[in-house]
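# Structural features, examined
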Amino acid sequence: MPDDVIPVDSATATVHPALRVKGLDHVVLRVADMGRAIAFYEQVLGLHVERRLETIGLVQLRAGTAMIDLVPGAPGEDRGRNMDHFAIRIAEMDVPALTAHLKRHGIDPGEVRRRYGAEGYGSSIYVTDPDGNTVELKGPPETAA
C-alpha cells in the first residue's frame, strides 16, 4: 500500500464529548513463550518490565507513554491472531454519556471496571469492533486522595 497522502475533510469528523481520544494506552499480546517474548522486548527493543501480575501470568513492559502487556497464549492457539485487545485512552470516563453514545451505535458497553494501564489504575470499558477485536476504552488515571 503506498504512503500517498489523502486529504481528509476534517469538517466531516465528529467528536462525541463522551469519547475524546487522548492516545493509545496499551496493547495486550498473547505469547507462546513468555521468557522469549520478554527477552525480545527487553534486549532487542530496550523496553523494561514495569509490572507483573503472577496470578494471570501478565507481564507489562513500558513503551514510552504506553505499555505492551504480555499474557500466556492458550496451547494450540492460532499464532496469527495473538492480540488480546488494545486500549485507547479517552479524556474522561463519563459512564452515563459514554454508555448512551455506545448504545446509540448498537454497541454493548460492557462493565465498567478498575484496571491498570499506562498511567496507572483507572476505570475502563471493553467493547468489540465489527471484526471481533476487543477495544478497551480507558479513562483518566485515579488521582491521589
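A brief look at the structure comes next. Here, residues in each chain are numbered from 1, in the same order as that chain's written sequence. Where local features are concerned, this predicted model is filtered to residues with pLDDT of at least 70; where side-chain atom pairs are given and counted, the filter is 80 or more; whole-chain, interface and lining totals use all residues. Heavy atoms from the whole structure form the basis of all side-chain values; hydrogens and water molecules are not counted.

## Overview of the pairing of strand S6 (residues 113–117)
So the rule is basically this: Here a strand pair is declared whenever DSSP counts at least two bridges between the two strands. Only runs of H or I of at least four residues qualify as helices and only runs of E of at least two qualify as strands under DSSP, and these elements are numbered from the N terminus.
Here S6 runs beside strand S7 (residues 120–128); their pairing, made up of five bridges, is antiparallel. Of the residues in S7, the one forming a bridge with Arg114 is Ser123.

## Digging into the packing of aromatic side chains
Quick note on the threshold: Think of it this way: a Phe, Tyr or Trp ring, Trp meaning its six-membered ring, pairs with another when their centres are within 6.5 Å, and the plane angle makes it stacked under 30 degrees, edge-to-face over 60, tilted otherwise. Think of it in three bands: residues with accessible area under 20% of the maximum for their type are buried, residues over 50% are exposed, and the middle band is partly exposed, with areas taken using a 1.4 Å probe on protein chains only. For a Lys NZ or an Arg CZ to count as sitting over a ring, it must be within 6 Å of the ring centre and within 35 degrees of the ring normal.
Scanning all chains against the criterion turns up two aromatic pairs. Residues Phe40 and Tyr41 carry aromatic rings whose centres are separated by 5.0 Å and whose planes lie at 85 degrees to one another, so their mutual orientation is edge-to-face. Measuring from ring centre to ring centre gives 5.1 Å for Tyr116 and Tyr121, while their planes differ by 75 degrees; the resulting arrangement is edge-to-face. Given a relative accessible area of 32%, Tyr121 falls into the partly exposed group. Arg114 extends its terminal NZ or CZ atom over the ring of Tyr121, reaching a point 3.9 Å from the ring centre. In this structure, Arg115 packs its charged tip against the face of Tyr126, placed 4.1 Å from the ring centre.

So, to be careful, I would describe these as geometric facts and stop short of saying anything about function.
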